[in-house]
Structures are given as structure tokens and as C-alpha cells.
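# Working through the structure, step by step
This is what each chain is made of:
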Amino acid sequence: MMMHRYHVWTHADMWEEDPEESGADFLGLFNDVEKIIEFLSLRLNEKKYNAKESYAVVTMGDMSPAGLSETRGEDPDDICVEWIGHFTVEEAETLMPEWQKEYADELNSGCWINTIYDEHPDVGFCNDNICVWDTEANAWRSFYEDDGDGADYWRKKLTEDVRNLHDESDLPLPQTIINAA
């Protein structure tokens, strides 16, 4: 049985003895860089599509000279009047007419509905560290999936010379890969 050239994981850089227990997730086996890129593109697009944002009724931040001096001339952040909840873009578009009715008084007084910054774990998506074991190069290649210029960046990271990579080749191969050989 032929061993696949590329073994794709997330967060393999954090594992110690047992990859799965350390938070690493196995994504798949590939022989072609373009198939990895296609897989990662679909995966990232789905994560972005399903990502939730925090919606709120907001009003303009402090535009006074004192307020602008605090932001060094940049527009100040909007002020949250009433938080609505966490929703995907699609959910928010569907609910917007209902929200416009519910918050009509606030909207008529100069407020609007917008997304706001929120560190809640349900908001956004995880920009996973993609770790690829290259069996021919006998080295790990890693990059964050939403860094760089998408496919071109991933292609570069997956094909650059091993001597240019930081040395991670001492990470152990997980038992699942050893057993698959």
C-alpha cells in the first residue's frame, strides 16, 4: 500500500505524545498540493459562511474634539445602545425586517443596526494553524489558513524548499500515520 505524500492536520505543532489528546485534528491524506488547496479553500469558505457576528443597535461615537483627540483623529467606535445577539450574515439578513420593527424607536432617533466587536467564543471563526507532514521532504510545513493570499500563499508554503522551513521535523509522527503505512 502506497503512503500518501501529504498528511494534513490542524494544530499539530502543539502535540506531545498523543496528537488527538493535545488538540490536533487530522484533516486528511493527499498526494497533490492542488487537492490540498481545493480542500482548504472549501473548508475556509464554509467556516466563514457559518461564522457568527455580534449584532447590536448602535449610535455614533463621540465626534467632539475631545472624543476625536482620544482616537487620534480616527472615527470613534460606535456605541452599543442595545445588543441583539450572535447571528450568521444569512440569519441577520432574514431577521433584519423583524429587528427594524422591534427597534423602530431607536432607528428613528438616529441609531442603526450593525455588527460590533465581540470576543465571545461564538463570534468569528478559528484561523487554524495548518500543519502538513510531507513524507518526501521528511518535514513539517505549516501556515495559518487565513493568512496571506489564499491559494497562492498556501501553494508557496506547501512547495518551498525544506531548507527554508523552520525546523519542525522532530515532531513525532502520530500512530495513525505510522499504522497507515
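Residues numbered from 1 in each chain as written. Predicted model: local features only at pLDDT ≥ 70, side-chain atom pairs only at ≥ 80, totals over all residues. Heavy atoms only, no water.

### Focus: the sheet that holds strand E4 (residues 79-87)
The strand order E4-E3-E5 describes an open sheet built from three strands, whose pairing is antiparallel. Strands with a single pairing partner mark the edges of an open sheet, and in this sheet they are E4 and strand E5 (112-116). Strand-to-strand twist of the sheet, defined as the mean angle between neighbouring strand axes without regard to direction, takes the value 35°. By the bridge criterion, seven bridges tie strand E3 (residues 53-59) to E4 in an arrangement that is antiparallel. Pairing of Ala56 across the sheet is with Trp83, part of E4. (Pairing = 2+ DSSP bridges. Helix = DSSP H or I, 4+ residues; strand = E, 2+ residues; numbered from the N terminus. Axes fitted to C-alpha atoms, helices over the stretch in contact; angles between N-to-C directions.)

### Some details on unusual backbone geometry
Although it is not a glycine, His11 sits at a positive phi angle of roughly 55°. Mapped onto the elements, His11 comes out in the loop between strand E1 (6-10) and strand E2 (25-30). Here His11 falls in the buried class, since its relative accessible area comes to 16%. One non-glycine residue, Asn138, lies in positive phi territory at about 55°. Mapped onto the secondary structure, Asn138 falls in the loop between strand E6 (129-134) and strand E7 (139-144). (Buried < 20%, exposed > 50% of the residue type's maximum accessible area, 1.4 Å probe, protein only.)

### Overview of the confidence of the model for the protein
In the predicted model, the protein carries a mean pLDDT of 82, and the fraction of residues at 70 or more is 81%. The least confident element of the protein is helix H6 (residues 175-180), whose mean pLDDT is 58; the most confident is helix H3 (residues 89-102), at 96. Here residues 164-169 is a poorly scored stretch, pLDDT under 50, and it has twelve contacts once near neighbours within four places are set aside; other chains count. (pLDDT = per-residue confidence, 0-100. Contact = heavy atoms within 4.5 Å.)

### A closer look at the pairing of E6
Most of E6 sits inside the fold, with six of its six residues counted as buried. Inspection of the sheet shows E1 paired to E6 by five bridges, in the antiparallel sense. Its bridge partner lying in E6, Tyr6 is registered against Asp134. As defined by bridge partners, E6 adjoins E7 across six bridges and the pair is classed as antiparallel. Directly across from Asn129, in E7, lies its bridge partner Tyr144. Connecting the antiparallel pair E6 and E7 is a turn made up of four residues, with Asn138 showing a positive phi of about 55°.

### Description of a negative patch on the surface
Taken together, the side chains of Glu74, Asp75, Asp77 and Asp78 define an acidic patch exposed on the protein surface. Here Asp77 shows up in the loop between helix H2 (65-70) and E4. (Patch = residues over 30% accessible without salt bridge, like charges linked within 9 Å, V, L, I, M, F, W, Y side chains within 5 Å. Areas by Shrake-Rupley, 256 points an atom, 1.4 Å probe, with all protein chains shown as cover. Salt bridge = Lys/Arg side-chain N within 4 Å of Asp/Glu carboxyl O. Lys, Arg positive; Asp, Glu negative; His and termini not counted. Charge placed at Lys NZ, Arg CZ, Asp CG, Glu CD.)

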